[in-house]
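# Notes for the structure review
One-letter residues, chain by chain:
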Amino acid sequence: MIGAHGTPDSPGTPGTPGPVALDLTGRTALVTGAAGGIGRACALRLAAAGATVRAVDRDAPGLAALAAAAFPGGGHGTIEPRVLDLTDLDAAEQVAAGTDVLVNNAGIQLVRPIETFPPDVFHQVLTVMLEAPFRLLRGALPHMYAQNWGRVVNISSVHGLRASPFKSAYVAAKHGLEGLSKTAALEGAPHGVTSNCINPGYVRTPLVERQITDQAAVHGIPEERVLADILLADSALKRLLEPEEVAEAVAYLCTAQASFVTGASLALDGGWTAH
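Report on the accompanying structure. These figures come from a predicted structure and were not determined experimentally. (Residues numbered from 1 in each chain as written. Predicted model: local features only at pLDDT ≥ 70, side-chain atom pairs only at ≥ 80, totals over all residues. Heavy atoms only, no water.)

### Observations concerning empty space enclosed by the protein
Summed over the entire model, instances satisfying the criterion amount to one cavity of 30 Å³ or more. Its boundaries defined by the atoms lining it, the largest cavity holds a volume of some 60 Å³. Lining the largest cavity, in full, are Thr 32, Leu 86, Asn 104, Asn 105, Ala 106, Val 128, Met 129, Pro 133, Leu 136, Ile 155, Lys 174 and Leu 177. Going through the elements one at a time, α4 (119-147) and α5 (168-188) are the ones with two or more residues in the lining of the largest cavity. (1 Å grid on protein atoms, 1.4 Å probe; cavity = no way out; pocket = protein on both sides within 12 Å on 5 of 7 lines; lining within 4 Å. Points joined across faces, edges and corners; volume = space filled by probe spheres on them. Helix = DSSP H or I, 4+ residues; strand = E, 2+ residues; numbered from the N terminus.)

### Comments concerning the packing of aromatic side chains
Applying the stated criterion to the full structure yields two aromatic pairs. With centroids separated by 6.1 Å and ring planes inclined at 85 degrees, the aromatic side chains of Phe 117 and Phe 122 adopt a geometry described as edge-to-face. Exposure remark for Phe 122: the relative accessible area of 32% places this residue in the partly exposed category. One residue, Arg 27, lies across the ring of Trp 149, its end atom 3.9 Å from the ring centre. (Phe/Tyr/Trp six-rings, centres within 6.5 Å; stacked < 30°, edge-to-face > 60°. Buried < 20%, exposed > 50% of the residue type's maximum accessible area, 1.4 Å probe, protein only. Lys NZ or Arg CZ within 6 Å of the ring centre and 35° of its normal.)

### Here's the deal with the pattern of salt bridges
Between side chains of opposite charge, pairing is possible as soon as their charged atoms come close. Under the counting rule described, the total for this entry stands at nine salt bridges. Across the salt bridge formed by Arg 204 and Glu 242, the nearest N and O atoms sit 3.1 Å from each other. In this pair, Arg 204 is assigned in the loop between β6 (193-200) and α6 (206-209) and Glu 242 in the loop between α8 (226-231) and α9 (243-253), connecting sequence segments 38 residues apart. Residue Glu 242 is classed as buried on the basis of its relative accessible area of 7%. (Salt bridge = Lys/Arg side-chain N within 4 Å of Asp/Glu carboxyl O.)

### Focus: the layout of surface pockets
Of the voids in this model, the largest pocket is the one considered here, and its volume is about 890 Å³. Lining the largest pocket are 42 residues, with Ala 106, Gly 107, Ile 108, Leu 207 and Arg 210 positioned closest to its centre. Listed by contribution, the elements that provide at least two residues to the lining of the largest pocket are α1 (37-48), β2 (52-57), α4, α5, α6 and α7 (211-219).

### Quick look at the environment of Thr 262
You can see Thr 262 is positioned in the loop between α9 and β7 (265-268). Between the alpha carbons of Thr 262 and Val 152 there is a distance of 9.3 Å; along the sequence they are 110 residues apart. Here the side chain of Thr 262 touches Ser 195 through a polar contact of 3.0 Å, landing on its backbone nitrogen. (Polar contact = N/O pair within 3.5 Å; in protein donor to acceptor, adjacent residues only side chain to side chain.)

Laid out in structure tokens, this is it:
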């Protein structure tokens with residue numbers, strides 16, 4: 001079954017290995033889009049490692065639920081909800097001050113052909129998914145440079161490496177994020193700061209679930225066929241990725257063992273880009 005958690009009798013689905021060893025005690029992490037999906041999983045994982053996590057989202061009830069959640073493994077960090085719309089770029093830059101770990105995750109998706117794609121939505125997508133990460137970096141890097149340590153993890157996408165039709169804004173933003181991340185890696189290297197992208201395929205999140213109707217409409221197929229015929233068509237592994245799997249990759253990039261990994265794009269795409 002697609003998305004089922006793995007057991008020894010179900011090859012091809014994820015097993016249950018232990019988490020990577022990570023201690024972020026005394027560190028401050030910032031995660032955008034933290035109220036749900038990948039962002040929520042990342043906030044919980046980093047807090048479980050001991051970090052004080054600034055959980056940024058415009059969804060106040062979602063942030064409240066996150067703050068009340070138990071950390072995996074009974075972690076000893078804290079979650080600080082920060083209700084913020086990332087289109088307020090000045091506020092985004094300010095909230096990142098003093099951050100040791102920056103996870104740029106927030107995203108928006110709309111599936112439309114270019115000729116009917118609303119220009120205001122295109123602008124909004126680029127603002128939230130590319131310009132806001134730039135402003136968050138501006139806010140975070142001075143502190144990281146001063147202490148000669150920092151971790152920037154940009155939740156890109158397989159669409160940062162490949163294009164798909166009908167996703168002009170999302171693909172453009174993710175390709176831009178890849179370039180921003182690599183530039184940050186080159187500039188940050190002399191200061192002990194790494195910058196990397198994680199490139200998931202389709203993840204079991206509300207953002208993906210909301211695409212089903214739009215994808216069915218633009219491709220002219222029933223909604224029940226979208227998962228197999230569209231979303232997973234190019235994936236060798238025929239399941240959705242779980243948010244916790246992405247969060248564990250974020251955790252790895254924050255470890256001392258990953259200190260030589262920078263300017264990279266880590267594909268978690270089930271073999272999509274192997275084609």
